[in-house]
Amino acid sequence: MTNSIADIEETGAFFIIGSNTTETHPVIGYRVRRARKRGAALIVADPRSIQLAEEADVHLQLLPGTNAALLLAMAKVIVDEKLYDEGFVEKRCEGFDDYVESLNAMCLDELAQITTVPKEKIKQAARIYAENTPSTILYAMGVTQHSHGTDNVLALANLAMLTGNMGIRGGGVNPLRGQNNVQGACDMAALPNVFPGYQQVTSPESREKFEEAYGVNLSGEPGLTMTEMFKAAGTGDVKALYVMGENPAMSEADSGEVEEILEKTEFLVVQDIFLTETAAYADVVLPAACFAEKDGTFVNTERRIQRIRKAINPPGEARSDMEILSDLAGRMGMDGFDFSGAEDVMEEIASLVPSWAGVSYQRLESGGLCWPCIDEEDPGTPILYTESFLREGGKAQFSPVVYGAPQETPDEDYPLILTTGRVLYHYHTGTMTRRSSGLNALHDRERVLMNPVDVENLGISDGDTIKVASRRGEVSAEVESAAQIKEGTVFMTFHFAEACANVLTNNKLDPVAKIPELKVCAVRVEAV
């Protein structure tokens, strides 16, 4: 997030897109609703009529996979009606003329037709967002998990720059992270192209620094993303996989193919707190400690570094991730892993990552710190880009975007669109939540949500068992007639191994971020 969670309650208008906030981020959703009661405007863009959509000033019920067309249409309205912040654009941005030229080449009517959202609704939303500064954008995986996800994010950044909603309280472009420490994992280089602190592996200066610190030679070539790793394992180019805190047998697109790859991978190690669906394929399973059984830090969605403290001992042979990895490295003859505890790791991070240089366990005892925190006197940075952007010259760059259709669209064989998400009562692949009897009592099986018109046209009834099939596989589950689902659309989750939506989803990648298109694929539905 460019801004803090506390900022949410100071906004003049919310633009929430690709996020069912009250169910997938309920604490933030509560803050949104509290700000709404105070008078903040609310725009929701979602193929479903989610809870916040029912409370919104405008609900843009777009066709799945048409986010970029919607965002381009809103930007075109803001430019055409001169609703943009001329002072901010002139002083703090560049590339505006080329950006406007790209918008001028587009037709608002055609963009609206692509999204299936009425043009007047798009105009209304654009005006609300532009005229109620500070306005904030909240988004999640409904924006990023597309074959054109990078374009979607660039289009959102363009909107914020156009309206001067960057570097101010209550504004910003705010991705809501999907897990409690996914931000921290990225910060510490669980990405193929960076060292810790987003220092590029292609930078000779960065490589020299880490080579000197670690006493090894480091490659300047970016590695593979997770989806690319599985593709490489499928061809035999990758011989071994080490899976830690991840359940790709359920979470990856086209999970049936992933399971085949896991089965034939020469050597598979899984490190997790439970025996997951992925661990069932492992040659070695390393039992890990959960959050309450170890010391360390998590970094939440607002970049806040926070202590976690061991409350109980791990069960059986389970150990903390740090202990497992350090012991394994030592047995492989590697130096530099003789940490006495998690605080030693933080000291190493602070010595190598400029944006964490002011972070220490002593400071974290009195509360979290938002990075960048560059020295011991720095209170942290809850709001990014208040004075300049991280580009040469300090100005933000407008990025012309062209709409690209999803990799799959409905046809005669697969006439419906599947989109996926989560529900309030379960999380991700259900590794933890499906072990809770209380949560299972509230939501104990997969339900395929479909519009009542589609249910009637298919000659099926609420509660029937149906088969949902794509070009990659098929699953059977109970159908639920739901008026909040757009006609022609099917909604499923990936919580339930016995009917996991990712058996169906498309593993075609965004060419930049290499994220698979988990949110859109063509399916057909049949009665069983």
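Just so we're clear, the structure is a prediction, and the values are computed from it rather than from any experiment.

Calculation rules
- Residues numbered from 1 in each chain as written.
- Predicted model: local features only at pLDDT ≥ 70, side-chain atom pairs only at ≥ 80, totals over all residues.
- Heavy atoms only, no water.
- Helix = DSSP H or I, 4+ residues; strand = E, 2+ residues; numbered from the N terminus.
- Rg over C-alpha atoms; globule rule 2.2 N^0.38 Å.
- Buried < 20%, exposed > 50% of the residue type's maximum accessible area, 1.4 Å probe, protein only.
- Contact = heavy atoms within 4.5 Å.
- Areas by Shrake-Rupley, 256 points an atom, 1.4 Å probe, with all protein chains shown as cover.
- Lys, Arg positive; Asp, Glu negative; His and termini not counted.
- Charge placed at Lys NZ, Arg CZ, Asp CG, Glu CD.
- Salt bridge = Lys/Arg side-chain N within 4 Å of Asp/Glu carboxyl O.
- Core = buried A, V, L, I, M, F, W, Y, C linked by side-chain atoms within 4.5 Å.
- Phe/Tyr/Trp six-rings, centres within 6.5 Å; stacked < 30°, edge-to-face > 60°.
- Lys NZ or Arg CZ within 6 Å of the ring centre and 35° of its normal.
- Pairing = 2+ DSSP bridges.
- Axes fitted to C-alpha atoms, helices over the stretch in contact; angles between N-to-C directions.
- Parallel < 35°, antiparallel > 145°, perpendicular 65-115°, else oblique.
- Left-handed = near helix turned anticlockwise from the far one by under 90°.
- Nonpolar A, V, L, I, M, F, W, Y, C, P; charged D, E, K, R; others polar.
- Disulfide = S-S within 2.5 Å.
- Arc of directions from axis to C-beta.

## Topic: the overall build of the protein
Turning to step 1, where the next piece is worked out: Secondary structure summary: the protein contains 20 helices and 21 strands in total.
Turning to step 2, where the next piece is worked out: At 24 Å, the protein has a C-alpha radius of gyration in line with the 24 Å of a compact globule built from 528 residues.
Turning to step 3, where the next piece is worked out: When the backbone C-alpha atoms are referred to their principal axes, the protein occupies close to 65 × 60 × 45 Å.
Turning to step 4, where the next piece is worked out: Within the protein, the fraction of its 528 residues that count as buried is 52%.
Turning to step 5, where the next piece is worked out: Sequence-distant contacts, at least 24 apart, represent 68% of the contacts inside the protein between residues at least 6 apart.
Turning to step 6, where the next piece is worked out: Entry remark: accessible area of the protein is about 23,700 Å², with carbon and sulfur atoms responsible for 50%.
Turning to step 7, where the next piece is worked out: Positive and negative charge centroids in the protein, built from 46 and 79 side chains respectively, lie 4 Å apart.

## Concerning the pattern of salt bridges
A pair can form between side chains of opposite charge whenever their charged atoms are brought close.
Turning to step 1, where the next piece is worked out: Going through the model one piece at a time under the given rule, you end up with 31 salt bridges.
Turning to step 2, where the next piece is worked out: We note a salt bridge from glutamate 10 to arginine 169, for which the minimum N-O separation is 2.8 Å. Of this pair, glutamate 10 sits in the segment before β1 (13-17) while arginine 169 is found in the loop between α10 (149-162) and β6 (173-175), placing the two residues 159 residues apart along the sequence.
Turning to step 3, where the next piece is worked out: According to the relative accessible area criterion, glutamate 10 is partly exposed, its value standing at 39%.
Turning to step 4, where the next piece is worked out: By relative accessible area, arginine 169 is classed as partly exposed at 42%.
Turning to step 5, where the next piece is worked out: Of the charged contacts in the structure, one is a salt bridge between lysine 119 and aspartate 109, with a shortest N-O distance of 2.9 Å. Pair noted here: lysine 119 is in helix α8 (residues 119-131) and aspartate 109 is in helix α7 (residues 108-115), with a separation of 10 residues, a long-range link.
Turning to step 6, where the next piece is worked out: Among the charged side chains, a network of salt bridges with common partners joins Asp444, Arg445, Arg447, Glu478 and Glu480.

## Quick word on helix α13 (residues 226-235)
The periodicity of an α-helix, 3.6 residues per turn, causes residues three or four places apart in sequence to face the same way.
Turning to step 1, where the next piece is worked out: Along α13, the residues classified as buried are Thr227, Glu228, Phe230, Ala232 and Ala233.
Turning to step 2, where the next piece is worked out: In this structure, the buried residues of α13 make contact with β9 (240-244), α14 (248-251) and α15 (255-264).
Turning to step 3, where the next piece is worked out: Immediately beyond the C-terminal end of α13, within one or two residues, lies glycine 236, with a positive phi of roughly 90 degrees.

## A few points about the nonpolar core
Turning to step 1, where the next piece is worked out: In this structure, Phe15 and Leu60 are the most contacted members of the largest nonpolar core, which totals 54 residues.
Turning to step 2, where the next piece is worked out: Contact partners of phenylalanine 15, with chain neighbours within four places excluded, come to Ile43, Ala45, Leu60, Leu71, Met74, Tyr129, Thr136, Ile137, Leu138, Leu156 and Leu159.

## Concerning the packing of aromatic side chains
Turning to step 1, where the next piece is worked out: Applying the stated rule across the entire model yields nine aromatic pairs.
Turning to step 2, where the next piece is worked out: Three or more aromatic residues joined by ring pairs make a cluster, and in this case those are Tyr84, Phe96, Tyr99 and Phe398.
Turning to step 3, where the next piece is worked out: It is arginine 48 that lies over the ring of phenylalanine 491; its NZ or CZ is 3.7 Å from the centre.
Turning to step 4, where the next piece is worked out: In this arrangement the basic side chain of arginine 303 is found over the ring face of tryptophan 371, its NZ or CZ atom lying 5.7 Å from the centre.

## Focus on the sheet that holds strand β5 (residues 135-139)
Turning to step 1, where the next piece is worked out: If you trace the five strands from one edge of the open sheet to the other, you get β3-β2-β1-β5-β6, paired in parallel fashion. Edge positions in the open sheet fall to β3 (58-60) and β6, since each of these has one partner strand only. For this sheet the average axis-to-axis angle between neighbouring strands, irrespective of direction, equals 15 degrees.
Turning to step 2, where the next piece is worked out: Pairing of β5 with β6 involves three bridges; the strand directions are parallel. Bridging across to β6, leucine 138 finds its partner in asparagine 174.
Turning to step 3, where the next piece is worked out: Seen against the sheet, helix α2 (residues 26-38) touches β1, β2 (41-45) and β5 and runs at an angle of roughly 145 degrees to β1.

## With respect to the sheet that holds strand β13 (residues 304-308)
Turning to step 1, where the next piece is worked out: The three strands are arranged β12-β13-β14 in an open sheet whose pairing can be described as antiparallel. Lying at the two open borders of the sheet, with one neighbouring strand each, are β12 (296-299) and β14 (369-370).

## Examining the packing of helix α4 (residues 67-80) against α8
Turning to step 1, where the next piece is worked out: At a closest axis distance of 9 Å, the pairing of α4 and α8 adopts a crossing angle of 65 degrees. With respect to their mutual orientation, α4 and α8 come out roughly perpendicular. Seen along the crossing, α4 lies across α8 with a hand that is right-handed. In this structure, α4 uses Leu70, Ala73, Met74, Val77 and Ile78 to contact α8, whose residues at the interface are Ile122, Lys123, Ala125, Ala126, Tyr129 and Ala130.
Turning to step 2, where the next piece is worked out: Each residue belonging to the contact of α4 with α8 can be placed in one class, and the counts come to 10 nonpolar, no polar and one charged.

## Considerations on the state of the cysteines
Turning to step 1, where the next piece is worked out: All told, the structure shown has zero disulfides when counted by the stated rule.
Turning to step 2, where the next piece is worked out: Cysteine 373 provides the cysteine sulfur closest to cysteine 370, a residue in no disulfide bond, and the two sulfurs are 9.5 Å apart.

## Notes on α15
Turning to step 1, where the next piece is worked out: Within α15, burial applies to Ser255, Val258, Ile261 and Leu262. Along the long axis of α15, the arc covered by the buried residues comes to 110 degrees, so they all point the same way. α15 presents Glu260, Glu263 and Lys264 as exposed residues on the side facing more than 90 degrees away from its buried surface.

## A few points about the pairing of strand β16 (residues 416-421)
Turning to step 1, where the next piece is worked out: In terms of residue burial, β16 counts as a mostly covered element, since six of its six residues are buried.
Turning to step 2, where the next piece is worked out: Burial of β16 is two-sided: the residues Leu416, Leu418 and Thr420 facing one way and the residues Ile417, Thr419 and Gly421 facing the other way are all buried.
Turning to step 3, where the next piece is worked out: Where β16 lies against strand β21 (residues 521-527), three bridges are found, and the strand directions are antiparallel. Residue pairing across strands places leucine 416 opposite valine 523, the latter belonging to β21.
Turning to step 4, where the next piece is worked out: By the bridge criterion, five bridges tie β16 to strand β20 (residues 489-493) in an arrangement that is parallel.

## Focus on the environment of glutamine 200
Turning to step 1, where the next piece is worked out: With respect to the helices and strands, glutamine 200 occurs in strand β8 (residues 199-200).
Turning to step 2, where the next piece is worked out: In this structure the C-alpha to C-alpha distance between glutamine 200 and phenylalanine 267, which are 67 residues apart in sequence, comes to 30 Å.
Turning to step 3, where the next piece is worked out: For glutamine 200, the residues in contact, after removing those within four places along its chain, are Asn193, Val194, Phe195 and Ser206.

## Observations concerning unusual backbone geometry
Turning to step 1, where the next piece is worked out: Cis geometry marks the peptide bond from threonine 133 to proline 134; its omega dihedral reads 5 degrees.
Turning to step 2, where the next piece is worked out: Relative to the helices and strands, proline 134 resides in the loop between α8 and β5.
Turning to step 3, where the next piece is worked out: In this chain, tryptophan 371 is followed by proline 372 through a cis amide linkage whose omega measures 0 degrees.
Turning to step 4, where the next piece is worked out: In this fold, proline 372 is placed in the loop between β14 and β15 (396-397).

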